[in-house]
Amino acid sequence: MLMMKMMVLSFNRYIILLILIHYTYTKPHLETVSRRDTEHFIDDPDRHDIEFDHNAFLGEETAKEFSQLTPNESEEKLKIIIRKIDKDNDEKITEYELKSWIEYVASKSKQNSTDRQWNDINPTNQSSIKWTEYLIKTYGPEEERLKDTATSESYKKAVQHDRRRWVAADLDKDDSLNKTEFTDFVHPEDRPNMRDAVIDELLEYVDKDNDGYVSEREYLGKTKI
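Since the model is a prediction, treat every value here as computed from it, not as a measurement. (Residues numbered from 1 in each chain as written. Predicted model: local features only at pLDDT ≥ 70, side-chain atom pairs only at ≥ 80, totals over all residues. Heavy atoms only, no water.)

Chemist: How would you explain the overall build of the protein if you had to name every residue and give the values?
Modeler: The helix and strand inventory of the protein stands at 11 helices and four strands. Across the 225 residues in the protein, those meeting the buried criterion constitute 33%. Across the protein, the fraction of contacts at a sequence separation of at least 24, relative to all contacts at a separation of at least 6, is 53%. As presented, the protein carries roughly 15000 Å² of accessible surface, and 52% of it is formed by carbon and sulfur atoms. (Helix = DSSP H or I, 4+ residues; strand = E, 2+ residues; numbered from the N terminus. Buried < 20%, exposed > 50% of the residue type's maximum accessible area, 1.4 Å probe, protein only. Contact = heavy atoms within 4.5 Å. Areas by Shrake-Rupley, 256 points an atom, 1.4 Å probe, with all protein chains shown as cover.)

Chemist: Can you lay out the packing of helix α8 (residues 152–169) against helix α9 (residues 179–186) for me, pointing to particular residues and giving the numbers?
Modeler: One way to put it is that α8 packs onto α9 with a least axis distance of 9 Å and a crossing angle of 140 degrees. Put simply, α8 runs oblique to α9. You can see that α8 and α9 cross each other, and the crossing is right-handed. Residues D162, R165, W166 and A169 of α8 pack against E181, D184, F185 and V186 of α9. The residue inventory of the contact of α8 with α9, partitioned by class, reads four nonpolar, no polar and four charged. (Axes fitted to C-alpha atoms, helices over the stretch in contact; angles between N-to-C directions. Parallel < 35°, antiparallel > 145°, perpendicular 65-115°, else oblique. Left-handed = near helix turned anticlockwise from the far one by under 90°. Nonpolar A, V, L, I, M, F, W, Y, C, P; charged D, E, K, R; others polar.)

Chemist: Residues and numbers for the UniProt feature "domain: EF-hand" (unreviewed entry) in the protein, please.
Modeler: This chain's UniProt record puts "domain: EF-hand" (unreviewed entry) on residues 73–108. The annotated region residues 73–108 carries 75% helix and 8% strand content, and the separation between its end C-alpha atoms amounts to 23 Å. (UniProt positions renumbered as here; feature names shortened; annotations may be inferred.)

Chemist: Can you break down the nonpolar core residue by residue, with the values?
Modeler: Formed by 18 residues in total, the largest nonpolar core has its most connected members in I129, Y134, W166, F182 and F185. Elements represented by at least two residues in this core include exactly α5 (95–121), α6 (131–139), α8 and α9. Looking at this core element by element, the count peaks at five residues for α8. By size, the runner-up hydrophobic cluster in this structure holds 13 residues, among which are F57, A63, I81 and W101. (Core = buried A, V, L, I, M, F, W, Y, C linked by side-chain atoms within 4.5 Å.)

Chemist: Quick one: what's the story with the side chain of D207, residue by residue and with numbers?
Modeler: The topology assignment puts D207 in the loop between α10 (195–206) and α11 (216–222). Look at D207: it is buried, it has no salt bridge, and the nearest opposite charge is K208 at 9.2 Å. Of note is the side chain of D207, whose polar atom sits 3.3 Å from the backbone nitrogen of D211. Once residues within four sequence positions are removed from consideration, D207 is found in contact with G212, Y213 and E218. (Lys, Arg positive; Asp, Glu negative; His and termini not counted. Salt bridge = Lys/Arg side-chain N within 4 Å of Asp/Glu carboxyl O. Polar contact = N/O pair within 3.5 Å; in protein donor to acceptor, adjacent residues only side chain to side chain.)

Chemist: Outline a nonpolar patch on the surface, listing residues and values.
Modeler: The grouping of I199, L203, V214, Y219 and L220 at the surface amounts to a nonpolar patch, some 420 Å² of accessible area in total. Mapped by element, the contributors of at least two residues to the nonpolar patch are α10 and α11. By the secondary structure assignment, L203 is in helix α10. Take L203: its relative accessible area is 42%, and that puts it in the partly exposed class. (Patch = residues over 30% accessible without salt bridge, like charges linked within 9 Å, V, L, I, M, F, W, Y side chains within 5 Å.)

Chemist: A description of the packing of helix α4 (residues 71–85) against α5 should follow, citing residues and the corresponding values.
Modeler: Axis separation between α4 and α5 bottoms out at 9 Å; the angle between their running directions is 110 degrees. The pairing of α4 with α5 is recorded here as roughly perpendicular in orientation. Between α4 and α5, the contacting residues are I81, K84 and I85 on the first element and E97, L98 and W101 on the second. A breakdown of the residues in the contact of α4 with α5 according to their chemical character gives four nonpolar, no polar and two charged.

So this is what it looks like as C-alpha cells:
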C-alpha cells in the first residue's frame, strides 16, 4: 500500500492524499470475484483493490459512511481521523503511527463483527451460547434443512465446518461458547487454539478431489505464487 511506504508525511500532504483516495474509491471496482479467489494486487494499478485499502484504513462501516459524503464532508472527517492518528501532535504521520492506527481499526472491526453476530444469535445476552442454540438460530430446524435435497449436502458441510471451529474455540469443553470463545469462533485467524481448524478448512477448500492430499495442480489452481 502506497501509504505504508511513506515514513513521514506533512499533515497537509497527508490530507490531500486521503482525499484523492476517497475520490478514487467512489468509482466502481472492476474486480467482482470474492477476495478469497483474488489478491490485493498492490503492484498492479489496473487491478489494485482500493476498497481493501479504504476498509483497512477506515474500517468497513466508516468506509461505507464516507462513500455517502460530499467532498467537503469527507475532508472534514479525514482531518479528524488524521488528528487521532498523529499521537505526538507534530503534524506528521509516521509509519509507526499509521501501523498502530490500522491495527486499531482492524481490532475494532473484528469486535463490531463479533458483537453483531453475538447479538443476533443471543438477543437476551446470556453469558454463553449453546451449540444446539447456535444451529437453530443460524440454519433453522435440522429436519427442515435435510428435507431440501437441493441444499442438504451444502448444509451438512456447513455444519461440519462450524462444528470443527466450535470444538476448537470451546476451551472449557462445555459445548457452549462465552463471548471470548465466540470471538475465536468467528475470527479464528491468529489464534493458536484455532490453527488446526483453519488449516483443515484451507485444505478442504483446495483439495477439490477429496483424496486427502493437495496435488500440485490443486495448489497452483488456488494459490498465487
